[in-house]
Amino acid sequence: MAGRFDLPEPDVFTRAYWDAAAEGRLLIRRCRACARAHHYPREFCPHCWSEDVAWEPASGRATLYTWSVVHRNDLPPFTERTPYVAAVVDLAEGPRMMTEVVGTGSAGELSAGAELEVVFRDGIPVFRVAPGAIGG
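Residues numbered from 1 in each chain as written. Predicted model: local features only at pLDDT ≥ 70, side-chain atom pairs only at ≥ 80, totals over all residues. Heavy atoms only, no water.

Going by the annotation in an unreviewed UniProt entry, the name recorded for the protein is Putative nucleic-acid-binding protein containing a Zn-ribbon, with Streptomyces chartreusis NRRL 3882 given as the source organism.

Structure representation (structure tokens):
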């Protein structure tokens, strides 16, 4: 990782998630006991505590829940990226996910409920306003 604070440190459990992301695929976990999806990846369902959970592909569609424009971050490589939009999105499958919204000229182009789609930057899922969406 040597001086980079934006790269994941995959472990045995999260390797499948990060390997899929490196291939341009977003995965989530779904509980086989209660059928609810969740994110961040974990070995049990946060809703019913069942350990009967499995990976499944996510559609990559989301809506913007909330966001904040970050104007200062002294950790590499964020200094070169400021300002950037840190966000929380609602995935189409149900879970919320912390992420970044990319490709906007300004935060003024964003609104709660904006339709987003996943894109990948260096194997990291980030989101952009979906083409054809209002404001997109």
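Caption draft 1: Quick look at the pattern of salt bridges. Taken as a whole, this structure holds eight salt bridges when the rule is applied. Note that aspartate 52 is salt-bridged to arginine 32, the shortest N-O span being 3.4 Å. With aspartate 52 in the loop between β2 (37-38) and β3 (53-57) and arginine 32 in the loop between β1 (27-31) and β2, the pair connects residues that are 20 residues apart, well separated along the chain. With its nearest N and O atoms 2.7 Å apart, the salt bridge here joins glutamate 100 to arginine 121. Here the residue glutamate 100 occupies a position in strand β6 (residues 96-101), and arginine 121 occupies one in strand β7 (residues 115-121), the gap between them amounting to 21 residues. (Salt bridge = Lys/Arg side-chain N within 4 Å of Asp/Glu carboxyl O. Helix = DSSP H or I, 4+ residues; strand = E, 2+ residues; numbered from the N terminus.)

Caption draft 2: Region of interest: the pairing of strand β8 (residues 124-129). The buried fraction of β8 is high, at five of six residues. Sheet topology note: the β7/β8 ladder contains six bridges and is antiparallel. In the strand pairing of β8, valine 118 is matched with phenylalanine 127. (Buried < 20%, exposed > 50% of the residue type's maximum accessible area, 1.4 Å probe, protein only. Pairing = 2+ DSSP bridges.)

Caption draft 3: The arrangement of the sheet that holds β2 in detail. The strand order β2-β1-β3 describes an open sheet built from three strands, whose pairing is antiparallel. Strands at the two margins of the open sheet, each flanked by one partner only, are β2 and β3. Here five bridges tie β1 to β3, and the two strands are oriented antiparallel to one another. Note on β3: the bridge partner recorded for arginine 30 is alanine 54.

Caption draft 4: Structural view of the pairing of β6. Two strands pair when backbone bridges link them, and strand β5 (residues 84-91) and β6 are joined in this way by six bridges, in the antiparallel orientation. Considered in β6, the bridge of valine 89 is made with methionine 97. Taking the residues that link successive antiparallel strands as the turn, the β5-β6 hairpin has four residues, and the phi of glycine 94 there is positive, at about 120°.

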